[in-house]
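Structure assessment
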Amino acid sequence: MSDEKDAAADTPKRKKGKGKLIVILGALTVIGGGAGGAYALGYIGGGGHAKTAAEEAGYKLVPKSEQKRGGGGAGKEGEGGGGGKAPPPGVGGDKYASNYYPLDKEFTSNLQDSVHYVQVGIAVSTPYDDTVIENLKANEIAVRSAVLMALGDATEDEVFTSQGKDKLAKRLAAAINATLKQKEGFGGISNVYFTSFVVQ
């Protein structure tokens, strides 16, 4: 009878150990299956990529190899419009081309809690095709309003230091993207650049 009690006392311990082993093996199977699925879909290993929501909506990322270069207008088919050869590929850098667009007029706004005002010219960039730039042009009045609102929140600290200017550029990009998302369902602006910057 004492043997039966000892065996009964050992049984729960053994089941507990087996349960942990089953849970660990199950977790490893799930992780391995997830990694295998990701590899098969092309997330790992460089093969293809899953379409993003932007691509599903018709916005195309432009690879560096398709980047528009030069500024001499479009040439005939088969001719490079820039009048020269594309520079040799480098190591590193962005994977996608940058499509730049300068906004025509400068922006002028008072600074928050200050007697100073700021006047800036800006340009934007996107890694997407011309669709994002066309959306920006179509909604330029709403975009200009959003930029002016964001500039009105700027402080003196932000306009007198390079770190502050960088923070301001990011805030402007977020404001532009929010407006484009509201109007077109997609932003797509990756950066805002200052083409002029005056504080008085």
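As a starting point, this report considers the structure included with it. Starting afresh in each chain, residues are numbered from 1 along the sequence in its written order. Confidence filtering applies because this is a predicted model: local features only for residues at pLDDT of at least 70, side-chain atom pairs given and counted only at 80 or more, and all residues used for totals across whole chains, interfaces and linings. Derived side-chain values reflect all non-hydrogen atoms in the structure, with water molecules and hydrogen atoms excluded from consideration.

Here's the deal with the overall build of the chain
Helix and strand definitions here come from DSSP, where helices need a minimum of 4 consecutive H or I residues and strands a minimum of 2 consecutive E residues; each element is numbered from the N-terminal end. Within the chain one finds 6 helices and 4 strands. When the helices and strands of the chain are placed in sequence order, the string is α-α-β-β-β-α-α-α-α-β. Burial classification: accessible surface area is computed with a 1.4 Å probe over protein chains only, and a residue below 20% of its type maximum counts as buried, one above 50% as exposed, and the rest as partly exposed. A buried classification covers 28% of the 200 residues belonging to the chain. Contact criterion: two residues are considered in contact whenever any of their non-hydrogen atoms come within 4.5 Å of each other. Considering only contacts in the chain between residues 6 or more positions apart, those separated by 24 or more positions represent 67%. For the chain, the exposed surface amounts to about 13500 Å²; the carbon and sulfur share of it is 56%. To be clear on the numbers: accessible area is Shrake-Rupley with a 1.4 Å probe, and residue cover counts the displayed protein chains and nothing else.

Thoughts on the nonpolar core
Soluble, globular proteins show a tendency: their nonpolar side chains are buried together. The term nonpolar core refers to a set of buried residues drawn from Ala, Val, Leu, Ile, Met, Phe, Trp, Tyr and Cys, joined through side-chain atoms within 4.5 Å. With 31 residues, the main nonpolar core has Ile122 and Ile176 as its most contacted residues. For this core, the elements supplying multiple residues, two or more each, are β3 (117-126), α3 (130-138), α4 (140-152) and α6 (162-184). Ranked by residues supplied to this core, first place goes to α6 with 6 residues. Excluding residues within four positions of it along the chain, Ile122 makes contact with Pro102, Leu103, Phe107, Val147, Leu172, Ile176, Val192, Tyr193, Phe194 and Thr195.

Describing the packing of aromatic side chains
Centre-to-centre distance and the angle between the planes together describe a pair of aromatic rings. Centres within 6.5 Å make a pair out of two Phe, Tyr or Trp rings, where for Trp the six-membered ring is used; the pair is then stacked when the planes are under 30 degrees apart, edge-to-face when over 60, and tilted otherwise. Throughout the structure, instances matching the rule amount to 4 aromatic pairs. Measuring from ring centre to ring centre gives 4.9 Å for Phe194 and Phe197, while their planes differ by 90°; the resulting arrangement is edge-to-face. Here a set of aromatic residues connected by ring pairs shows up, and it is made of Tyr59, Tyr128 and Phe186. When the ring centre of Phe107 is taken as reference, the NZ or CZ atom of Arg144 above it lies at 4.1 Å. Whether a charge sits over a ring depends on NZ of Lys or CZ of Arg being within 6 Å of the ring centre and within 35 degrees of the ring normal. The ring of Phe197 has Lys165 lying over it, and the distance from NZ or CZ to the ring centre is 4.7 Å.

Some remarks on the pairing of strand β2 (residues 107-110)
Of the two faces of β2, the one holding Phe107 and Ser109 is buried and the one holding Thr108 and Asn110 is not buried anywhere. Pairing between two strands is assigned when DSSP locates at least 2 bridges connecting them. Where β2 lies against β3, 4 bridges are found, and the strand directions are antiparallel. Paired with Ser109 across the strands is Val118, a residue of β3. Counting the residues in the hairpin turn of β2 and β3 gives 6 residues, including Asp113, whose phi is positive at 55°.

Let's talk about the side chain of Ser114
Mapped onto the elements, Ser114 comes out in the loop between β2 and β3. Within the local environment of Ser114, its side chain forms a polar contact with the backbone nitrogen of His116, the two atoms lying 3.0 Å apart. A distance of 2.5 Å separates the side chain of Ser114 from the side chain of Glu156, its partner in a polar contact. Definition of a polar contact: a pair of N or O atoms within 3.5 Å, with one able to donate and the other able to accept a hydrogen when the atoms are protein atoms, and with sequence-neighbouring residues admitted only if both atoms are side-chain atoms.

Side note on the pattern of salt bridges
In what follows, salt bridge is the name for a side-chain nitrogen of Lys or Arg lying within 4 Å of a carboxyl oxygen of Asp or Glu. Tallied over the entire structure, the rule returns 4 salt bridges. A salt bridge links Lys137 to Glu134; the shortest N-O distance between them is 3.8 Å. Highlighted residues: Lys137 and Glu134, both in helix α3, separated by 3 residues, approximately one helical turn. Its salt-bridge partner being Arg171, residue Glu158 comes within 2.2 Å of it at the nearest N-O pair.

Some thoughts on the side chain of Ser109
By the element assignment, Ser109 lies in strand β2. Polar side-chain contacts of Ser109 include one of 3.4 Å to the backbone nitrogen of Gly152. In this structure Ser109 touches Tyr117, Val118, Leu148, Leu151 and Gly152, once residues within four positions along its chain are discounted.

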